[in-house]
Structure formats: C-alpha cells, structure tokens
Amino acid sequence: LSEEMDHVTAEEIRDKHLQKDLDAEENQNVVKTLRGKVREKQKNSKINKDEKSSTEQLIDSKIYQRTKSPQTEVSLDESLSFFILSGEERSALDKSSEQRPVNHSYPKCFSLGGDLQNVDESEDGEFMKEFILTDLVKVKAAEYEDDQEQIKKQKANIFVPSSSPVVNQRKLPKDMMPRILEDEGFYIQRKPEIRKKTCNKMENRLLKLEEGKRWFGESGEILSLPTPIKQSWNFRLNIRKESLNPLLKTIYRKAVKCDLGSSFMNKIEGPREIYQLDLNIVGLQFSHHHLFNQEQVLCARLLHLYECFQDRQQQNVSQLLYEKLKALTDATKLSNENSEINQLTRKSLQDYNWQISNTKQLYDLERGKDLSLLRSILRTWKQIKSLRQHQGFTSTPIKLQVQRIKINKCDEQEQISEMSETEKKTEGKELKNGKKQESLSYLASDETEIERMKPITLRPQLSFTAELTSLSKCSLHEQKRRAKIQKLKYFIKIFYNNKQVSCTSISTLQLDFKVTFQQIFNIQLIYWPEVICLEVYEKSKRTSLLAKLYLPLPNYTEVKGKNILEYVEFSSHKLVMPADGEVGSNVPFLLEGNGTEELCLLTSGKLSYSLSWSLDKNGIPLKPLKSQSLRSAYCSMLRNVDARGVPGIPWLINEQKLFEWANEVRIDPNNPEYSDLMEFVMYMSLKGQDIPKYFRLEQLQNEFNFVSEEEMEKSKRFQLLQLRNAGQLDNFLLQQMPLHDTEIPDLVFQEYESQKEKEVSISDVNSIIAQRINSANFLKKVRRLIMKRTVKITKYNLSDIVTDYEKIISTSQLTDAVFKFVEPRRKLKPQRKERKQVTAQTISDGDIKILVRIVRAYNIPMRKTAINRALDMSTHLKSSISFLKHKETIKSVASEEILREDTVYPFVEVSFQHTVYQTSTASGSHPCWNEEIKVDFLSPGHDYSFSSLSKIKDNIYINIFDEMMIEKHEDHCLKSCSVHSYIRKNWLGSIVFPFSALLQQSEISGTFQVTIPPVLLGYTWNNTYVFPREDSNEQNLKECTFLNIFATIEPQISYVTYNPTLDKFLDQTEVLQRAQIFKKNCKAIFPNRRIVTTVFNDEGIQFLVTRYIKALNPPQQLLDIFLHDSNATLDLIARFVSLIPFMPDTPEENDGSDIWMTSEHCISLAIGNKEEHAVLLCNFFLYFGKKALVLLGTSGLEGHVAYVLTQETNEYLLWNPSTGQCYKQFDPFCPLKSVDCLFDDRNVWFNIQQSNIPMAVLFDYSKESFWKPLLPKNVQGTKVQSIQPEEIIYSETDKSMVEDLRNRIERTLKNKVMEWRPKCPTRWNRQCTLILRHILPKLELGRGSFVSSEGDNEFDRILQFYWVTGFPIRMPYTDVQSVIDAVYQTGIHSAEFPQTEFAIAVYIHPYPNNILSVWVYLASLVHHQ
Amino acid sequence: MTTASPSVFLLMVNGQVESAQFPEYDDLYCKYCFVYGQDWAPTAGLEEGISQITSKSQDVRQALVWNFPIDVTFKSTNPYGWPQIVLSVYGPDVFGNDVVRGYGAVHVPFSPGRHKRTIPMFVPESTSKLQKFTSWFMGRRPEYTDPKVVAQGEGREVTRVCSQGFVTLLFNIVTKDMRKLGYDTGPTDTQGVSGPSLPQGFPQ
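Computed from a predicted structure; not experimentally measured.

Peer 1: Honestly, the sheet that holds strand E35 (residues 1267-1269) of chain A in this entry has me stumped. Any pointers?
Peer 2: Adjacent strands of a sheet pair through backbone hydrogen bonds, lying either parallel or antiparallel. Residues and elements named next belong to chain A. One open sheet holds the 7 strands; their spatial order is E32-E31-E30-E29-E33-E34-E35, and the pairing between them is antiparallel. Of all strands in the sheet, those with a lone pairing partner are strand E32 (1221-1224) and E35, marking the two edges. Geometrically, the sheet is characterised by an average inter-axis angle of 35° between neighbouring strands, direction not taken into account. Pairing of strand E31 (residues 1212-1216) with E32, which is carried by 4 bridges, proceeds in the antiparallel orientation. Residue pairing in the sheet places Trp1215 in a bridge with Cys1222 of E32. Along the sheet, helix H31 (residues 1070-1085) contacts strand E34 (1244-1247) and E35; its crossing angle with E35, the most-contacted strand, is approximately 160°.

Structure (structure tokens):
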C-alpha cells in the first residue's frame, strides 16, 4: 500500500489525468451497465429491498451523483477514494459477469458509510417510481440478454492486463534505446522488490492509459523511489575470536583505589613531620571608610594618584623615550653631516626618520599621560585645600609639594647633579595661604613652552606633615565623627580549611584609618592547607562581618627568614548611611569642591600580612618535603577545583585554559614568579591522563544520602535488614522486621556476633580440638569464598514450575494413552508402574515420610551359652563357675543346647532426627521381620525445596539389638515372691546411611553388611551360617552379619540435577575447555552417571583432576609396622586414610564445581571430603608402585562416593577410603552400586558401557568402546605437572594432648551416661574399666574382626562374678560430640536392671598429624546373684 | 491516633473480583490468593478464596461476572514485599475436565482510594505440539505447580505462556499510619492528614 501511496503522492498530477480519463470513459460505461443491472434486479426482486441490491443501488446513485457533478478539484484523499471506489465497482461487475479478472491490489477498506450520506434521496425516490410503477402496471416479457452479447459488452469495458512482459519499444518514445544508468557506472539505489508478474501487469495497465508512457523512465522500467528498507545492520557482532587484533583486546586491569585520602597527612612521630605556618597579621588600612569625610575622600584619591605617579616615575617610560629620541636625532644629524650619501646611509636615514616619528608619537602619548596625572594631582590638591578652607579645619595630615627640575639640554650628567640644587621654583607654600595659582599658571605657560620634546620637570612630593586641627576647634560634626572613629574596633578571625583556628585581638581604628594588630599566629598543620581565610569583623555596637579575605598559600620556599609584607585588598558593599559630615559607604554623595561630580564609594582597604613556613629551633624549616607537598598540593588543587566557589585560586578552575594561556604567552620557565605555575603545568601534564574531569559524582551522592553513613550504621533495623539479605538470620527469618530500633532485641545481634566470634578464634587448651575446629572453619570459609567467585545461577526447570501431563517422548506412549480407554480395567498381569515424582516445592510439613522396610537379617551373633546358663541357673552359682572354667570342653554340649533354644532375640531400631522406631522382636540368628517403618520427616525451617533438603546432614541409623529378659528374684521375699523381669537391649551392630544418599537415589534396597564391633562380649557367632546369596560361599563372610532392607522417601522427590554453567574464566586453557566439553558430552549420553573433570583448588583456580594424582609417601611410622607384609601395610594405610575426618558435603555442590584440596592440605588440616580421601589413598598406593585409579560412582548406602581401584595380577580391587575396607570386584556385598568414571594422573575415562554395576563392568579402560577418554591417545603421553607437593612432611602428634583428649572424652562420656539415666543411679565398675583399658590398645593393631580377649586372666575373674556384655567402638576423631552420639546410639545406658554396673574405657591411638583413632569400650555388668 | 509512634502500618484491601472477559470459554470460576513479603502479615479477612462458577451473559458483552468480594487487612513494617493478588481462573474444557484458563497477578494499589484494575491472564504452554495435543486430549493442561509463581520473577524464563483474557478487579484501599512512618504513597493520602505532618517538598 505504501508503495502505491508513494505513487499517488509523487504523481499527483498524473492522478488527475487518470481520473479524468476514467471519468470520461469508464465511468460512464460502468454507470450504464450498472443501471441496467439494477433495473433488471429490481424487477426480479419485486421491490424487496435486499441488502445487496440496495448497496449496489447506493453505489449506483453515488456514481450518478458523481457523473452529474464532476469534481473540479482533486485532493489526495478523493483520488484515493476514487481508486477504491472504481475498484469496487469493477469487482462488482466481475461478480455479475462470472468472469474473474485478476483483482486490483487496492485494499477493500473503503468506507461505505461515508458514501451513504451522499445518497440523494429524491433521486432515489424517482428511481423507485420509475421502475416500480412500470413493473407493477405493465406486464412485460422477461428481458433477456444474450450471454455472448453480455460478455462482448463487458469485454468492451473490462480490461484485463496480461502478465506477459512488455517490449521496451512500447514503453519508450520511438527510436530510443533503453538507457540503463547502472551499466554506465552510475550509482542506482536499490528499488523495492516487486514480483515480475505484478510489474508486468502494471506496465500493461499503464500502457493502456493515454499518457501511460510518462510512468516509465529512461531504462524502460516504472519510475520508482528507492526502497526504504535498510538491508544491513549498522552493528555487526564480532564472532571470530582469534583474528581480533591483539592491540584491541581488552586487558584486565585491577581496579586501583583513588588515593585522594592521602591528603590527610598522618601524624608520624618525629619533629620533621610537624609543619608550621606563621601568619603575621600586621594591620588594616582603609582606602575608603564610611566614616571618611570629604577631605579624607579627596585625600585618599590624592594618595592613589600619587601612587600612580610614583609608579610611572619608577618605570620612567617617558624619560627612556626621550633619550631614545635624542639619540636618534643625534644619529640623523651625524649622518646628515656626512656629505657622502651612499645608498646604505640613505636607507638608514630613512629608517631613522621613521623611527623618530614613531618614537615621538609614543613619547607624546606617555608625556600626555604624565601630564594629565600631574594635573589631576594638582587639581585634587587644590580641592583639598579649598575644602579645608571651607570647612575650617584640617582632618588629614597630607601635604603636597611640587619641585621643579631644571634640565640642561646639552648634558644629562649635569641635569642629575643639578636636580638637587635647582629648586628654582620651590613652592613651599604655607597651607593656610595655599597660593597655587602661580604654579598652575606657570604650568600652563610652561606646558606651551615645553611642548617640544621636553620631559616634565615638575615633581610633586607628598608628606604627612600637616597639622590636624585639634578637636576643640573643629565643628560639631567633625567632633562627633572623630568620636565615632575612636569607638570603632576591628578584629580578624583566621580560618584554616574552613575551620576557625584563631582570632586576633580587638584593636581600635586610628584617626588615619589604620588598624594595627601586629600579631603572629603559628599554625601547626595536620591537614594540608587548602584555604586560609581571614574574616575582618567590625565592632561598634554590634559585630558585623566586613570582608572575607583569602590568602594565597605560601610557596614551600617561603620560610620565615624573609619578612616582606604582602597586601590583600578587600572591600565591602555594605550600605552605611552618612550621619555626621562623613560620606558613608555605598551611598552616592557630592563632593563639595566641584558640584557636578557624584561619587559612590565602597568601604575598601588593604590588609598587610606575611605568611610563611616557620623554622624550628635548629633553623630547619617546618615545611613539607617537596615531593610530598607536590602530591598533596595536587590533591588540594583537586579539592579546590571541586569547590568552585573558592575565589582564592581562581586560575585553577580551568586547567585547560591555563595551559593554553601558558602556551600562548610563552612564560619564561625560569622566571621565579611563575615557578608555581610551571610546576603545576608540569605536574598536570605528567599526570594529565589521571585527572578526572568531573568531581560532581560525590556531591550528587551527598544529595542522595538522606541519612549520614554513621546513622545508617547505627540503625539496628538497617543492620538487621542487611543480615537478613545476606541470609545470616536464620532464627529471625520468619518474623516481621520491627520498625523501630527499640523493638529489636540485642539478642539477635549477640547471637550473630557470637557465631562470628566462634569462627574467628577458638581458644581451647587442647591443640587437637582447636585444630579440628580451625580446619573445619577454614574449609567452610574457603568454600564460601570460592563459591562466591563461581557465579552460580539457580536455574529452574520447567518441571519445577509447570506441572504438565507426563512427559511424552514417543508416539507409542500416546497410543498407549489412547488405548487406555479401551483396555480392560483390571489386567491379569499387573505391571510395575513408576512412582510419580513430586517436585520439592509443592511439599509441606507432614507430606514426606521415609519408608524403611526391614526384611530380614542373616548371621546375627548369638548369646554365649555360658551366659544363658549363668542367667538361668543363677542359683547354681558355683557350678556355673566351674562350668565356665571348663568351657572349652563343654562347648560341644553348649552348641547343642543353642540349637534347641532361641538364644538371641533381635529387633531393629530405626532412628532419624532423634526419633526412634522399633520393630517387633524376632528370635534366632536369622530372623525375618518384614516390617515397614514409616519415619516422619521434618525439614528444618519448613523449607522443602530441593536445595534445603539436600543440606540435611542427618543420618538414618538402623541398629540391631538383642532383647534380653532378666529375671530377678527379690531376695527378701523368699521363693513365693513374684519374679521381676527386666528387659534390656544389647547392641549388636548398625547400618548408617545419610539422608542425602536416600534423596539422591530415591531408594536404598538390598542386603548390606552390618558393621559389628570387633568384640562383642557375651556373644559368639552362630555356626549355622546362612548366606544371603547362594552364589557367594566364601569363607571370609562367615563372620559377618547381613541385613536386608529397603528404604525410600514417600512420595518420591524428583532429584534435580543441577548443572551450573560455569562462566568462562580468564585463565581457562584449552585443556580445561576441552574438559568442560567432554563433561557435557558425557552427561548427554548418560545423564545419571557422575563425571568430574575439573575442580577448584583452595585458591579458586580450576585444575584438571588428573593433576591431583601423584605418588606420595605415607607416614614412615605406618610403613615400619609391617615390614614384610605388604598387604597388611596397605590395609593399615587404608585405615589411616579412613581415620581422617570427613567433611559433610551436600550433593548439591558435589558435581558442579567441587573444591578439592591437595593431599598435603588434607592431611595437615585433618579433614577432607570423599574425593580427597580417595585421591589421598590412591596417591599412597601409587607410592607402592601399584596401579591405582580413583573411581567415581554411587554407593548403595552412601550416595555419591569415590573409591580407589587397584589392579592386581588377575583381579581388580575396590577400596573404600571412608572405611578402609577392600572389596573384590565380584564381591556381592560391595556397597558400590555404579561405576561411572575413572581417573589417574594421565587421563579421565567415562564409562560408556551399558551397565555400570561393578560386577558387570569391564575395568580395562584402554578400550575406547567401553571407556571414553578425555584426552586422545597422542596427548596421553605427555604428563602434566602435578599440583601435589614432592613429598608430604608429617609431624608427630603431641602425646600429652592425646592423653588430655582421652581424659576429656572419658569424663564427658561418663557424665553423659549419668545424664541419660536420670532416674537410676549409675554405678561404675572400676575393676572392669581398668581391664578394658588394658585390652583396648591391643585392639588397634589387631587384625581381623573378632579378637579373642576373653583369654585374659583378669577378665576371667570378672566373669566369675558378673555377667558382662560390651563392645568396643572405633571411630576417627572429629569432635567429642560425634563420640557421644555414637555411644548414645548403642543404647547401653538404657539398661533398666537396677544393679547394672557400667564400665567405659577410652583409648586414642595417635597417628601422625593429629589423626587419631578413638576406641571406646563400653560394658555393662550384671552381678550374678 | 494518640499513640506517639505506631509500630506497624496497616493496609486494608477490600473490593471484588468483578468480571472477566474470556472470549472463548464459559462456566469459569476463579481463585485468588495474596503473595506478600516477609515483613507482611494478614491481620483480618480471608487471604484466599474460590468463587462460584459463572456463565457468560447473554448480551453482546458476554461478560463473566463473579462479583466475588475480597476483604483482607495486612499489617507490615516494611513496604518491601507489598502484597500482590494472584488470580487463577479455571473452567471445564470440551471433555468436561477442569482446566486452568488463566493466571494473573497485580499489586494491590499503593494509594488509598478506589482503583480498578484489569489484569491480562495467561496460561503456560505445553512444551511440544504432541504434548499439546495430549494435554488437550487428556484434559490435563499444563499448570503452575504453585500459582504464586506468577507474582515472582524467578524461574519464569523456563516457561512459555499464551494469553487468554482479562479479569477486572476493583479495590478500595485504606491505609493507616503510612504517612506517620514516613511512607508517602501519593496525593490521595494527604486528605486525611492534618497539616504539620505534611512533608516540606510536597507540591500543593
């Protein structure tokens, strides 16, 4: 449309023609046919005003009207509407003729409504009459028009332009070749693209017109404007990376703090650093004062003139010119006298003459000035004299004398000597007479006389010798005035950097309008001087500020030695009305002498002062060093520029202009007057690029600060808001923020502060405890810091926000869904249906439950027969003792008895988040419970988002206990009395898994080995072994207990795998990028398998994981123990690694961007995560020359784990670094569930085998079809530098600290056990404790699980009197709390039997670097009755 | 008003969910709830509500009128987290399944007085054509897990939505102690306040 509009606008004139054309021909035809048609139709439709006909009629009438009154003027709109209308007509016609010529491209958006108004109703009526009446009255045969004829008729009217191309000749004037400008090299703008067909049609159409050729240009194409659409963008994104000019690359520069603050000079000790300025304020002298009377005004003027005169005299320009003139005339004379006039001399003569005339002019000018000055001096003097006469008193001591100097025309020497003596016309006139006329007349006459090049010979001299009229003789006005003067007092306040530092004493105004202070102020500086300002105050009845004076800062070369007074002028525009004969200030007045002159004077004056750096006692100037001052001066300058209003240093405002000016004037750099300026210029040009142009930023900031910073800091509410924003307010989170500071309890901050303090300093006596806490805190801090550096965006998945119908991957699913309607309701073969996953956000409290199903257990240790006997036959004490003594021989008998009796009654307790659930009690060593326990689950803070769930570090404990009934006969009530039975539970073992493992895997199911203490007192292994699996009939499994469990979270929480896209780091090398890509690719194949290629070290630098692997030396102490048994050494080392405390890490930060420390750090900090442990163990194994790799995978119980894989001669071994246990690849009870990724010091391999179960995996990582390597083979050879140290240096653990810790633990445990038994007394059996203490150290190095300790004689003795159950627990030392928790889990304290005695022994086996193995031996003893 | 310094300010919202314009759907009902910041707490009234089902009017306007009242009072100490009303409209589809017809949210007006708000409504789109078909077929259109998402900016980038219609709301707002606590919420607030507490720079 726009295109056509263009045509219309451009070719308006053509439109006119076109319109006329159409008007003339087509329209009439159209009207004719239409009318005929209407007639026909109306007849047919029998006056029924059908909508169609009416519209047609309307159009008809419209056209009728149009033809009747042809429009004379054509506007744009009308022509357009005409176009539209004609188009419509045409289409209407087309419809009727059933012939469909290609429609006009005109839009149909015409407005019929507008046309409707044009309908002439009367005409319409006539129409109706004519046709309707005839139709009604006459009976006519149906009119018939032959189709052929009709078509013919229509053909005459209808033109269908063909879409075939038009020959050029038709478009162009005759005999003209098309001229294509583009071919001739002209630039032709692109024309809008039109389809060739359309274009041809238009051309054909145009040619039909009379003047259609006008539409065509020289090239034979339709004239058109260039296309308005821009084809290219102005901005092009630079996609290419390498080809960028290195010069154009942006380089990272560290931000440099602006050092503006350094203008503050630190007060450093030493006398040199104290700077001192001496300000000597001498006095004020007013050049005008509101108490001046007229005489004084004149006097001041005279003084001013005289000063000017003296200045001129000093410069002595006229004298110089005069002499020059003389010399020139002499020279001309001389050359004139020379008769021979050659070419040269003539030329020089001419030059002389020219110079003479020039000099004469100048001389005249200067002399004129001198004379006028002199004249005005004399005039003023005359005025004074007349005024004095007139008022009758003298108030100024001024006196003028004029000397005349006789000048000898011939020689100057004489003139000078004569000067003193030739006082030919000394006008020593007495003041009273004041006869000056003579001199004046003389002057007048003389003036004419010395018109010819004579210097002025008059010299006025001022003296202050005139007597003042005494007060009594003066007029009343004058008396009052003088009194006023004496009352006026002045003082000056001194401001240093806009702070008042001192004030002068108050001194009175003297009669000669001088104020003398004569005070010296010593200003000791801390801050560099920026502004030194003096404020002059006038004090009559009230004090008022008269003027502000800014003193220029002293140059650092100005020391006290020079005592030159400097003057600053000041003035005040204060309005003071005159009262007693004075003239006032800023008030116009008339001088009495000559009535016409009106004056308006402001109070003004001069201040004399001196400002310089002072000297100390030794004569060393107390001024800053040059460099320092320069810098600080720069700073102060900046400050001054900032504060625009300071008038003291106006030239600093625009440095640029200053430079320009300095360049233009070409000031002498050696001129000491400009030294300041030059320095400034030099400094600026040196530092030029650093000077910021604007200083307003800070000022604007000030406007925005609605509260000062300190107030902001003080506001508790603000602090609280800040803390909340930082996410550090956990307990205050859900509350409203109080509005007033008073409502905020200090407790909140205290808590936060204490938390902070705990982080900062731990002052524990025990170095081991301190080290543990410190390193944990250190790691936390490092972690936080690095996490901060790596930008992490919490990404939402669509499934988090939108619940959609089940994901549809294939169409078969869809058909399934369709068939679901038809399929039978109840299938014969039920199929397993996946549980629906629930997104974490939708969950609220109580929705989540943990389901734990305890199926069955295998090989639970059973009570020793001896004890059974002992309990059963407690009355037969003696026999039992003898029985015990000979237990070896009777063992076979006992076992028989066991078979008969159920000697163990195990039950299972599941505890989570301090709630305990219990199964029923079964019997036997191989019990089957098949019970489901629903564990309630509460998320802290009621936040069930995945991230917060994954932060839960709680463990799920599954403990197996033996329920034991103890019957006790009350002694005193004989045999008839009832028997009290007590239930007690003996801990047998446990399975622990973290909640995060459950969250990650959604279910934990299988048969797991129960961790059983190495010694279970009173229990022995059953000799009927049942294996959970038939295929594993291995001997070493005989002494293991297994538990079959199934655990899951109900409902299943969808485990969101966060794949944080790490930002590209600056230092990211090609290898690291490759690693990222590799990881992405691997994740694409197996999204559930783990892969880690790059990690951060503790400094936040990314490294390839391979660089962590390097052979490292284990502690020598460990190597020395089993010198010959290499397997034992390996086991020991694995145990050592497992003793390093674990850092709880959340699954969230496990994969994305993990932080691994080097093995050295791991050992020295004595803390590490699973991967660090694995790396460390792997490094130790490499030291022994083993082939070891780190394996990443998932464990059934622990979730994400890292294992170490070692290659033996014919098998692969899997080492769990967290327990130190070693599994064979085909061990069915290996907790490892999936093998995802391997790495060593050369490469990383990703498991691309179909199955990742350890038993099914082929560990031959050299096969690329099974293991996808990160680095290709050719790169593999090059070994990269490891980030591990050459060798780890171990430090010996402090034995005394270990002993201290041991005591502490023992004491706390005893206290705790008593605390846990609030109702019953707790007795401690010392003898047993002692024995246990002896036993414990042997356990550490004892290999194998069940160490026989009962052979001990001492123990035997106890067993004679007591029935003992107990066990040692072993754990790495992390903190005391974890030890307490472990003891609590065993439930040993819950013994109800009143006579129970307890024994606790703690032993700590120290390894190097404060790595400790804690043994706690717990025993409960029941006395045989 | 005699208390020297109030510790909270109150915001009373009443009004109604007047009507809706959903050209293609009929028999709709709506649900509203409020989303507000940590420092806000409702003191009285209902925070959530479900309206009756309404049918289209038979005239040309084809309006769906609920006239469902809203009446709730909030107290707060901090204007941060100003309450937003979140509306979700549901109705039956061709198979008679109840599906979501639109989500929308708007802030409760800041200044006291009568305010009319027209909120454009939208629904999340299915991820694929096939999915779209199935969800249509099964009558399980994509929905927000939590309608409050529409009042938040976080995580919206993962969704695609399609606009549906409009809902007109009417609010009558009354505030208490806002000015006293230094929050100036516009000219209409000045009427009820006496002279001295007027801020200096206020153009009158």
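That covers the picture; the talk isn't over yet.
Peer 1: Mind showing me how you'd approach the sheet that holds strand E13 (residues 603-613) of chain A here?
Peer 2: All names here are of chain A. In spatial order, the strands read E7-E1-E13-E10; together these 4 strands make up an open sheet with antiparallel pairing. Only two strands of the sheet have a single neighbouring strand rather than two, namely strand E7 (514-525) and strand E10 (566-572). Recorded for the sheet is a direction-independent mean angle of 25° between the axes of neighbouring strands.

Peer 1: Just to check I follow, could you spell out the environment of Lys514 of chain A for this structure?
Peer 2: Residues and elements named next belong to chain A. One can find Lys514 in strand E7. Among the residues examined, Lys514 registers a relative accessible area of 32% and is labelled partly exposed. With 227 residues separating them along the chain, Lys514 and Ser287 place their C-alpha atoms 9.4 Å apart. If near-sequence neighbours (up to four positions away) are discounted, Lys514 is found in contact with Leu284, Gln285, Thr508 and Leu509.

Peer 1: For this particular structure, what's the right way to read the side chain of Asn1410 of chain A?
Peer 2: Residue and element names in this part refer to chain A. Positionally, Asn1410 belongs in the loop between strand E38 (1397-1407) and strand E39 (1411-1423). Classification of Asn1410 as buried rests on a relative accessible area of 14%. When neighbours within four sequence positions are excluded, Asn1410 is seen to be in contact with Ile768, Gln771, Arg772, Thr1293 and Asp1294.

Peer 1: Help me understand the pairing of strand E4 (residues 489-496) of chain A, please; the structure alone is not making it clear to me.
Peer 2: It is a general feature of regular strands that their side chains alternate between the two faces of the sheet. Residue and element names in this part refer to chain A. Most of E4 sits inside the fold, with 6 of its 8 residues counted as buried. Taken together, the 2 bridges between E4 and strand E6 (residues 507-508) define a ladder with antiparallel strand orientation. By the bridge assignment for E6, Tyr490 is matched with Ser507. Note: E4 against strand E8 (residues 532-539), 8 bridges, orientation antiparallel. Note that in E8 the partner of Lys489 across the bridge is Lys539. Bridge count between E4 and strand E5 (residues 499-503): 4 bridges; the pairing is antiparallel. Looking at E5, one finds that Lys493 is bridged to Cys503. Counting the residues in the hairpin turn of E4 and E5 gives 2 residues, including Asn497, whose phi is positive at 50°.

What counts, and where the lines are drawn
- Residues numbered from 1 in each chain as written.
- Chains lettered and ligands numbered in written order.
- Predicted model: local features only at pLDDT ≥ 70, side-chain atom pairs only at ≥ 80, totals over all residues.
- Heavy atoms only, no water.
- Pairing = 2+ DSSP bridges.
- Helix = DSSP H or I, 4+ residues; strand = E, 2+ residues; numbered from the N terminus.
- Axes fitted to C-alpha atoms, helices over the stretch in contact; angles between N-to-C directions.
- Contact = heavy atoms within 4.5 Å.
- Buried < 20%, exposed > 50% of the residue type's maximum accessible area, 1.4 Å probe, protein only.

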